[in-house]
Amino acid sequence: MSAADRPLLSVEDLTIEIAGASVVDGVSFAVQPGEVMALVGESGCGKSLTSYALLGLLPDVAERTAGSVRLADTDLAALPPRRLRKARGKDISIIFQEPSASLDPLATVGAQIAEALRQHEAVSRREALARARDMLEAVGIPDPDRRLHQYPFELSGGMCQRIMIAIALICGPRVLVADEPTTALDVTIQAQILDLMKRLVAERGTSIVLITHDMGVVADIADHVAVMYAGRIAEIAPVDDLFARPAHPYTALLLASVPRLDVAPKATLATIEGLVPSPGDFGEGCRFTDRCPLASERCRAEQPPLFEERPGHRTACWHRDRVGEIARAAA
Amino acid sequence: MSEEGETVLDARDVAVHFGGRSTLFGRPPATVRAVNGVDLVIRRSETVALVGESGCGKSTLSNAIVGLQPPTRGSIAIKGRQVVGAGRRALNEIRRDVQMIFQDPALSLDPRATIGATVAEPLSVRAVARGGELKRRVAELLTQVGLRPEHATRYPHQFSGGQRQRVVIARALALEPALVVCDEPVSALDVSVRAQILNLLVTLQKRTGVAYLFVSHDLSVVRHIADRVVVMYLGRIVEEAEREVFFAAPKHPYTRALMSAVPEADPVVQRAKQRFVLKGELPSPANIPPGCPFHTRCPLATEICVSDRPELTPRPDGARVACHHA
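Just so you know, these numbers come straight off a predicted model, no measurement behind them.

**Re the domain arrangement of chain A**
All names here are of chain A. Segmenting chain A into domains produces domain 1 (9-228) and domain 2 (243-330). Taking the mean C-alpha position of each, domain 1 and domain 2 sit 30 Å from one another. With 11 residues of domain 1 at the contact, the number on the domain 2 side is 9 residues. When domain 1 packs against domain 2, close to 930 Å² is buried across both sides, 67% of that on carbon and sulfur atoms. Among the residues of domain 1 in contact with domain 2, Glu-42, Met-215 and Val-227 are the three that bury the most area, contributing 49% of the side total. Here domain 1 is connected to domain 2 by 1 salt bridge. With its nearest N and O atoms 3.3 Å apart, the salt bridge here joins Arg-287 to Asp-25. The interface formed by domain 1 and domain 2 holds 3 residue pairs in polar contact (both at pLDDT 80 or more) in total. At the level of secondary structure, the elements contributing two or more residues to the side of domain 1 that touches domain 2 comprise strand S2 (21-31), helix H9 (215-221) and strand S9 (224-229). No other element matches S2, which puts 4 residues into the side of domain 1 that touches domain 2. Across the side of domain 1 that touches domain 2, the residue classes tally to 7 nonpolar, 2 polar and 2 charged.

**Looking at the sheet that holds strand S10 (residues 232-238) of chain A**
Sheet strands pair via backbone hydrogen bonds, and the direction of the pair is either parallel or antiparallel. Residues and elements named next belong to chain A. Strand order across the open sheet formed by 8 strands is S6-S7-S8-S3-S9-S10-S12-S11, with mixed pairing between neighbours. Here the strands that pair on one side only, and so sit at the sheet edges, are strand S6 (92-95) and strand S11 (307-310). This sheet shows a mean twist of 20 degrees between the axes of neighbouring strands, independent of strand direction. Along the sheet, helix H7 (residues 157-169) contacts S6 and strand S7 (175-179); its crossing angle with S6, the most-contacted strand, is approximately 170 degrees.

**Things to note about the nonpolar core**
Formed by 42 residues in total, the largest nonpolar core has its most connected members in A:Ile163, A:Ile165, A:Met197 and A:Leu210. By residue number, the principal contributor to this core is H7(A), which donates 8 residues. For A:Ile163, the residues in contact, after removing those within four places along its chain, are A:Leu103, A:Val109, A:Ile113, A:Leu136, A:Ile141 and A:Leu155. Core analysis: the next-biggest nonpolar cluster, separate from the first, contains 41 residues, B:Ile115, B:Val180, B:Leu198 and B:Val202 among them.

Rules used throughout
Residues numbered from 1 in each chain as written. Chains lettered and ligands numbered in written order. Predicted model: local features only at pLDDT ≥ 70, side-chain atom pairs only at ≥ 80, totals over all residues. Heavy atoms only, no water. Domains from an automatic or database assignment. Contact = heavy atoms within 4.5 Å. Buried area = accessible area lost by both parts, 1.4 Å probe. Salt bridge = Lys/Arg side-chain N within 4 Å of Asp/Glu carboxyl O. Polar contact = N/O pair within 3.5 Å; in protein donor to acceptor, adjacent residues only side chain to side chain. Helix = DSSP H or I, 4+ residues; strand = E, 2+ residues; numbered from the N terminus. Nonpolar A, V, L, I, M, F, W, Y, C, P; charged D, E, K, R; others polar. Pairing = 2+ DSSP bridges. Axes fitted to C-alpha atoms, helices over the stretch in contact; angles between N-to-C directions. Core = buried A, V, L, I, M, F, W, Y, C linked by side-chain atoms within 4.5 Å. Buried < 20%, exposed > 50% of the residue type's maximum accessible area, 1.4 Å probe, protein only.

This is the structure:
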């Protein structure tokens, strides 16, 4: 990678352990300015832990044992707590799945947005409220002057998520981490929030790290996708290339198990047999081995590195040349 | 609509309203019209999908159909037997024929009962089987849903979410019901597991002829599993059509908005899609707009929509739509 296109956010070899098991294992990815990187995977794949680690928000039971998280020139993971607190909200922000659970029920939304701003900038209360009002407008809340003085319970779920986005963006962070931001919302509201996030990326050049399990959301908003399985990146690629030519058996099966326009109604959908291994029994080799139709002895014994299949498209599979068979069999 | 096949569910003009009665403390709260005059017929071996967003009344309607929520108005017949106004004994008999599956299997299972006891309960309560025969039936049901007979001695916490949903399905099918109401049965499951449960529901229907009322907000799942689709908005049906017609030629502006809002799992298709994004939020069912309930968010709305509520009217291709302009 040349100096010219140095990424804004770069995660190197991130490893997180819970009770001695590596629940996130050697995860690396980079996000360019104004780019949306989606981390995709099923429950327990480590995508949420990875996102919390970006902000140093890991739960007490989890420990980062290796790796770095660089935002421009700063290694966030190495910052002392005080400096990290300064960076949170100002340089990198996060929004969660359930907006009503993240908002303070006893404070007006205006006060909550203003508080976020006053944590980082020496502005008067009045000035902060005025900027909170403009932010409400920016995230598409109608009648911002009235809404400013309302409490979360007076707003719908979609509005609360807009408030969360307003709080996250009031200090103009360069990276927004969004952990399943639309999962709890209805589809028409989801479409509004995704459009809002796309607009913010375009207008402000904010980079987004999006955590999701929904391939439709990925297709809608992501530029790059990292597919995670059992704590590791299985495949990472530009979004079009990933959907058109998946190069990891897990991705291929995941895509084939989503009902699509070109699959006959009530036809049998592709499934992934078996279960995700628990962190205790990951074994030496590829963690997908037990569920993989292409698995061989080598897969069981030796963890495949991320091979560069095509420019920017990397996959951790010994049998990557045969993944097309899975896609064809599923079709 | 195909005419063959016996009618399993025949619901007419069902309405469910909440509140509105005056209380000890002065002014009565506004009446919430959760379901507001719905007709719905389901036949044997048929899957009817009920689609809509939070607050559209789909869950209230499902509860009314299985007899958990007495309707304010209307009639609901399961295999010709009236649910509305049925006494405890009659309702008990009817419940043999209609079962329900909920979204979160962890909340639907007793954590302290073995899987075997859970699946056996409907059979033993109704004295359908006992002793060795009961054991044999439980083993058969577990096998049918893709579990193993020896799983009967285990507890829910020893299973994954997908396996738990299989247990719930086994229990629902124990009495060979004519209709199973599935309320978002795969929404809480991971994608790969979701496919397993959908495959299972389809297989079981082919084998037993059970009918499903499939409540869902996920149109890609609906397109896969439904024979007929019903869209609800603020307590009323706004569109109803056979699957092919529904997805090929959606008519109601709300249906079209829903379809364009669901992101397609294909970036090329998704980018090319014509977006039809709705403005604003769902009005409260306690304060339903006059005229067409959708007119406050509808891009096609005109004066007539504000004053007159459109009736559900049949179209040449068999669809029924409630819109002045579609």
